[in-house]
Every structure is written in C-alpha cells, then in structure tokens.
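# Secondary and tertiary structure notes
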Amino acid sequence: MADAKVIPFDDDRSRARRRPSRTDGEAAAVRALPGPQEPELPAARTAEEEPVTPAAPERPAAGGGWERRLAGGLAFLRRRITGEYEVDEFGYDEELTDQVLMSLLRPLYEKYFRVEVKGVENIPDKGGALIVANHSGTLPLDGLMMQVAVHDRHPAGRHLRLLAADLVFVLPVVNELARKAGHTLACAEDAERLLRAGEIVGVMPEGFKGIGKPFGERYKLQRFGRGGFVSTALRAGVPIVPCSIVGAEEIYPMVGNAKTLARILGLPYFPLTPTFPWLGPLGALPLPTKWTIQFGEPIPTDSYAPEAAEDPMLMFNLTDQVREQIQHTLYKLLVQRRSVFF
C-alpha cells in the first residue's frame, strides 16, 4: 500500500499524549485544521510557470446512473488502497464520514427514528460554535443522530465534531470509527483547538449520568458538571447553541442496573430493559420512537473579556442559563408531542 504525503499540523506533543494513538494500517495524509493561518509570502514565478490547482476528490454525482455510482465507488476504493486521502491531526476522515458512515446512519435517522429538526438556522454558517445537548437513551445514539442532523439539514452542510468520553477510545473498533467520524476526547484542550479552528463542536455535559439514568427520570436533566464547556467557549469566543433532543429516552427503557456485572466489565452501568438481556441480541434493538431535535437561540460569548473564563460566578450563571433553556425546551416539545412513536 502506498504511503500518502504527510502534512504535519504542529509539534503539540504534550496534548497528543493525552489522546489515544491511532492504529490505522494505512498511512493517510494529515491535514491541518481549518482556521486562521500565518500569511505566506508568494514565491516568485517565471513567465513559463502556470498556477497549479490541486485536484478535488472524485465524488459520485447525486442522482446519477448506476455507472456513475460504480465509478465513484471504485475511485473511492482506489484512494483508500493507495492512501490518497486526508485525515486531520485528530484522525477525522471527512471523505469516509460523508460517503460511508453518514450513509450507514442515514436510514436510521430518516426511516427508523424519523428525526424532525428545528432551529438548525441557529447554527452559524461559518466559524466555531459549541452545541450543548441533553444526553439519554442508554446507548449514545443521540449524539450520532445530532451529527447527521447538522450535516444534512444545515444549509452549509457543516460537520459536527463530538466530544466523547474516555470509554469510547478504549473500545476496539469503536475507537477507530469514532476518530474517523471526527469525535475526539472530551478535554478542554481538544475542544478549544477545534473551536478556534472554526469547527462546530458538540458536547453533552450530563455524561454517563444522563445516558444511564433510570426510565422514571426521563427528560429530567442531570448535573452539568462544573461548567467546563462554558469556560472553553469563552476562551474561544464562540457562541453556545443549546440543543434539546426528544425521543431518545424511550429507545431503551432502562428499568434496572446490574451494578456488580457493570463493575466486572468495567462499565459505568449495565442496563436492564424490558427486552435486554432477556431476548438476547434481539433485545438490543432500539424501539422505533419518533425524534425531535431542536437547536435553540445561540448564547454569544465574544463580548466577555478573556479573563471571564476564570470567573466562577459567571461560569455558574451561564451554565445554569444553558441548562434551563434546554430543560424548558424539552418540556415544551413533550407537550407538543402527539405520541412516543408517531
């Protein structure tokens, strides 16, 4: 397999040690994150030289015939085999995400959960933004559905970079897929770096307490940590976009938690639902609930001074404001919902 060129971003070794290393069997080009770069002086050109424009990745035309789709698929496979594709310093593979991972998630998004999206225009067309959402559902399908919603429904077709827990990056296969899809470790350094580069970053501050809460506490937000996401947004000077997700709570009604088994397996919880583990693999099938994802009005942070990120009272107030806005929207969506499944 041919090795592609490597374009290093920088020598940020200290932070790189905090993230699990990639173990791809293929050497892809490493591209720098988008964002402001230092200007370079143009090199002198002779009269005979012509400007060279790099070739764009070959993509199959939308709505084309099967010949075009086949040609596009073969071109995609050729680039994967020869290493003629790029990943950024976090391991994000945009082409693989667009053409493969999104295609696999889209039927679940469109046909199974029938996700309805509201307020996507509140996500900026360009520049960084931090999307803060509630977390639920026993398995983190809500984050993946939110990723599809941003990519498919936003007019600019933006990509959502999710901050994930450490557990994601120690699981085989899941680790590699998460990196390829643009997810990264939920630490302030990674989040701020992405935001300053103009990326849309998603975080679910409830963590395992939200995703693994009992069914009787559905749609009741858990604690939002210490407001670390607020200080990160303040330092990067990007808006905070609250996001409320309804429908994920009912896909795996968690009626119990086998704590002893969870400790043995090294998991934060081991869910017991009306179907799992009693029905075996069939019990792991999520219920086909109807989802609604609503992006709220953005909360600007660029008016605060840089030292505001160190003000604990401001952190508390902004965190509470985001949490209350998400909770209020959840209740509003629940009142409007006709049925869990329709």
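Residues numbered from 1 in each chain as written. Predicted model: local features only at pLDDT ≥ 70, side-chain atom pairs only at ≥ 80, totals over all residues. Heavy atoms only, no water.

A separate point is the overall build of the protein chain. Of regular secondary structure, the protein chain possesses 10 helices and 11 strands. Looking at the protein chain residue by residue over its 342 residues, the buried ones come to 45%. Here the contacts in the protein chain between residues at least 6 apart in sequence split such that 78% fall between residues at least 24 apart. (Helix = DSSP H or I, 4+ residues; strand = E, 2+ residues; numbered from the N terminus. Buried < 20%, exposed > 50% of the residue type's maximum accessible area, 1.4 Å probe, protein only. Contact = heavy atoms within 4.5 Å.)

This paragraph deals with a nonpolar patch on the surface. A grouping of Trp66, Leu70, Leu74, Leu77 and Ile81 is seen on the molecular surface, where their side chains present a nonpolar patch of about 550 Å² in accessible area. By the element assignment, Trp66 lies in helix 2 (residues 66–82). For Trp66, a relative accessible area of 55% gives the class exposed. (Patch = residues over 30% accessible without salt bridge, like charges linked within 9 Å, V, L, I, M, F, W, Y side chains within 5 Å. Areas by Shrake-Rupley, 256 points an atom, 1.4 Å probe, with all protein chains shown as cover. Salt bridge = Lys/Arg side-chain N within 4 Å of Asp/Glu carboxyl O.)

Once that is clear, we can look at the packing of aromatic side chains. We describe a pair of aromatic rings using the distance from one ring centre to the other and the angle between the two ring planes. Summed over all chains, the structure comprises four aromatic pairs. Where Tyr112 meets Phe113, the ring centres are 5.2 Å apart and the plane angle is 75°; that geometry is what we call edge-to-face. Classification of Tyr112 as partly exposed rests on a relative accessible area of 24%. Classification of Phe113 as buried rests on a relative accessible area of 0%. Three or more aromatic residues joined by ring pairs form one cluster here, namely Tyr112, Phe113 and Trp291. Above the ring of Tyr85, the side-chain terminus of Arg80 is found at 3.7 Å from the ring centroid. Taking the ring centre of Phe215 as reference, the NZ or CZ of Arg218 above it sits at 4.1 Å. (Phe/Tyr/Trp six-rings, centres within 6.5 Å; stacked < 30°, edge-to-face > 60°. Lys NZ or Arg CZ within 6 Å of the ring centre and 35° of its normal.)

Below, the discussion takes up the pairing of strand 5 (residues 160–164). Counted residue by residue, strand 5 has five buried out of five residues, so it is predominantly covered. Residues of strand 5 alternate between two faces, with Leu160, Leu162 and Ala164 on one and Arg161 and Leu163 on the opposite face, all of them buried. The pairing of strand 5 with strand 7 (residues 200–203) spans three bridges and is classified as parallel. Following the sheet pairing, Leu160 is matched in strand 7 by Ile200. The pairing of strand 5 with strand 6 (residues 184–185) spans two bridges and is classified as parallel. Looking at strand 6, one finds that Ala164 is bridged to Leu185. (Pairing = 2+ DSSP bridges.)

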